[in-house]
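The primary structure of each chain is shown beneath.
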Amino acid sequence: MILHHFGNEGTIYEGDAIEVLRGFEDETADMIFADPPYYLQLGNELRRPDESRVSSVSDEWDHFSSFGDYDSFTLAWLGECRRVLKPEGTIWVIGTYHNIFRIGRCLQDLGFWILNDVIWLKSNPMPNFRGRRFTNAHETLIWAKKSKDSGYTFNYWDMKSLNDDLQMRSDWLLPVCSGSERIRDGGKRAHSTQKPAALLHRVILSSTKPGDIVLDPFLGSGTTAVVAQSLGRKWIGIERDASYVRLSARRINDLSSRRMSSETAPSLSPHPSRRDAGRVSFGNLVESGFLLPGQFVFSRSGDKKAMVNADGSVSVNGSRGSIHKLSAEMLGRERANGWDYWFFYEGDELVSIDVLRSRYRELTARHDNIRGR
Ligand SMILES: C[S@@+](CC[C@H](N)C(=O)[O-])C[C@H]1O[C@@H](n2cnc3c(N)ncnc32)[C@H](O)[C@@H]1O
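Residues numbered from 1 in each chain as written. Predicted model: local features only at pLDDT ≥ 70, side-chain atom pairs only at ≥ 80, totals over all residues. Heavy atoms only, no water.

*Asks:* Mind showing me how you'd approach the packing of helix α2 (residues 67–84) against helix α3 (residues 100–109) here?
*Replies:* Between two packed helices, the angle of one axis relative to the other and the distance separating the axes together describe the packing. Running from N to C, α2 and α3 cross one another at 45 degrees; their axes reach a closest spacing of 10 Å. Classified by the interaxial angle, the pair formed by α2 and α3 is oblique. With respect to the hand of their crossing, α2 and α3 are arranged in right-handed fashion. Facing Phe 67, Tyr 70, Asp 71, Thr 74, Leu 75 and Leu 78 of α2, the residues of α3 in contact are Arg 102, Ile 103, Cys 106 and Leu 107. (Axes fitted to C-alpha atoms, helices over the stretch in contact; angles between N-to-C directions. Helix = DSSP H or I, 4+ residues; strand = E, 2+ residues; numbered from the N terminus. Parallel < 35°, antiparallel > 145°, perpendicular 65-115°, else oblique. Left-handed = near helix turned anticlockwise from the far one by under 90°. Contact = heavy atoms within 4.5 Å.)

*Asks:* What should I look at first to understand the side chain of Ser 352 in this one?
*Replies:* Checked against the element boundaries, Ser 352 lands in strand β17 (residues 349–352). Under the relative-accessibility criterion, Ser 352 is labelled buried at 17%. A distance of 3.0 Å separates a polar side-chain atom of Ser 352 from the backbone nitrogen of Asp 354. Other than its neighbours up to four places away in sequence, Ser 352 contacts Trp 339, Trp 342, Phe 343 and Phe 344. (Buried < 20%, exposed > 50% of the residue type's maximum accessible area, 1.4 Å probe, protein only. Polar contact = N/O pair within 3.5 Å; in protein donor to acceptor, adjacent residues only side chain to side chain.)

*Asks:* It is not clear to me how helix α5 (residues 197–207) should be interpreted in this structure. Could you clarify?
*Replies:* Helical geometry note: an α-helix holds 3.6 residues per turn, so side chains three or four residues apart project in the same direction. Most of α5 is tucked away: 10 of the 11 residues are buried. Those residues of α5 lying buried are Ala 198, Leu 199, Leu 200, His 201, Arg 202, Val 203, Ile 204, Leu 205, Ser 206 and Ser 207.

*Asks:* Even after reading the chapter, I still don't get the site of the ligand, so can you show me in this structure?
*Replies:* In the vicinity of the ligand lie 21 residues, with Ala 17, Asp 35, Ser 221, Thr 223 and Glu 239 positioned nearest. The separation between a nitrogen atom of the ligand and a polar side-chain atom of Asp 16 is 2.9 Å. In the environment of the ligand, a nitrogen atom lies 2.8 Å from a nitrogen or oxygen atom belonging to the backbone of Ala 17. Look at the ligand: alone it shows 610 Å² of surface, and the protein chains cover 99% of it. Its residues assigned to classes, the shell around the ligand shows nine nonpolar, seven polar and five charged. (Near = heavy atom within 4 Å. Areas by Shrake-Rupley, 256 points an atom, 1.4 Å probe, with all protein chains shown as cover. Nonpolar A, V, L, I, M, F, W, Y, C, P; charged D, E, K, R; others polar.)

As far as function goes, none of this settles anything; it's purely spatial.
Right under this line is the structure:
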C-alpha cells in the first residue's frame, strides 16, 4: 500500500479497499461516499446501430464471477465501512439497477438504517442505442445512518437555500459529467465513471460539517476528494489503480491553485437559520463549479462585493441571504433582481452572473440534443 498526502486536507491510500479499510481504527469517518464497482456484466462491447463503439464500463475492476462473489465483496467492504464510521456518521452508496438492490439489502443486513434513496435524474443520459429498452436515465443513491437509533447530520437549510428556498427533494436533476468537466487523456476519457462535481457537492454539503472527515473507498478520478476539499472538509480516498491515483492527485493540485480567497471559512459554514427543471438557480452555478465558495461577486461598478457561499447564498459584512436579498440591501430597496446586480471577474473584466446562467443552460441544452439522437 502506498500513501499520498495532500497537506492536512487529505490522503489517498493506493491499495485494495477492503485491506486498507481493515487497517483503519474504529470510528474514523464522519461520512462515507462510495461509488463501488457496478458488476455491469457487459459481455460484448456495446455498439450503436451504425456499429460505432459506445464507450462504457468494461474495465477489469468491474468484473466478478457471480452474484454470490459480488455480494461477498459488498458485505466485506460495507462491514468495514460500518466499523470505521463514527456513531453519528452516515453513508452514501451510489449504484444502478445492476447492483443497487443488492447493496440495499446488504446495508440493511449489516444494521445500517436507510434515511433516503435519492434519484440522480440525468438531464443528458446516454440513449438506448438499439431501442430495446427504456433509456436508462437515472442512478440511485442510498443514504443511511449507522443504526436505527443513531443521530446524524442533515443540513436542511443549506439544501433549501441551494434550491432557491424550496425544500430539497429526493430527485436531483443534474447533467452527467461532460464537456470541460470530463477529464480526458489524449482525447479518451481518463476514467469511465467520473461523477459530476455537482452531485458530490449536494451529498457532502447536505450531510457533513466543515472540518468533518469524508471517506471514499473507491476514489476513481478523485471527484469526492476535490469537492470535499473545496467545501472545507477533510478527506480520505482509497483507490487501487495507480493511474487513477495520479489523476486524482492532478485534480486536487489543480484545485488548490484555483482557490480565489483565503477568507472562505464563512462561505462554508452551514446556513445560520434556516430551487424545477427549466430554472437555473444561483445554487446550480455554485454546485456545478461556475462559481466557487469563497469567490467574490461585485456590483457593476465594482465598489460593492459579496462572498459566494457553498449553499448558494451570498454574504456581505455579516449579512447573508439570496443574491436578490443582498442586492436589495445594497440598493436600499425592498426588492431587487440579483441576476442584474451581481458581476464576477473573468480575467480583468467584470461580467454579469446572468451570463453564467446562459452558459449553464447551453450545457444542459447540448445534453438534451444528445438525448434526442
Ligand atoms: C465506479 S468507480 C468510482 C468513480 C469515482 N466516483 C469518480 O468520480 O471518478 C470505482 C473505482 O473503484 C476502483 N476499485 C474497484 N475495486 C477496488 C478495490 N477492491 N479496491 C480499491 N479500489 C477499487 C476502480 O479502480 C474504480 O476507479
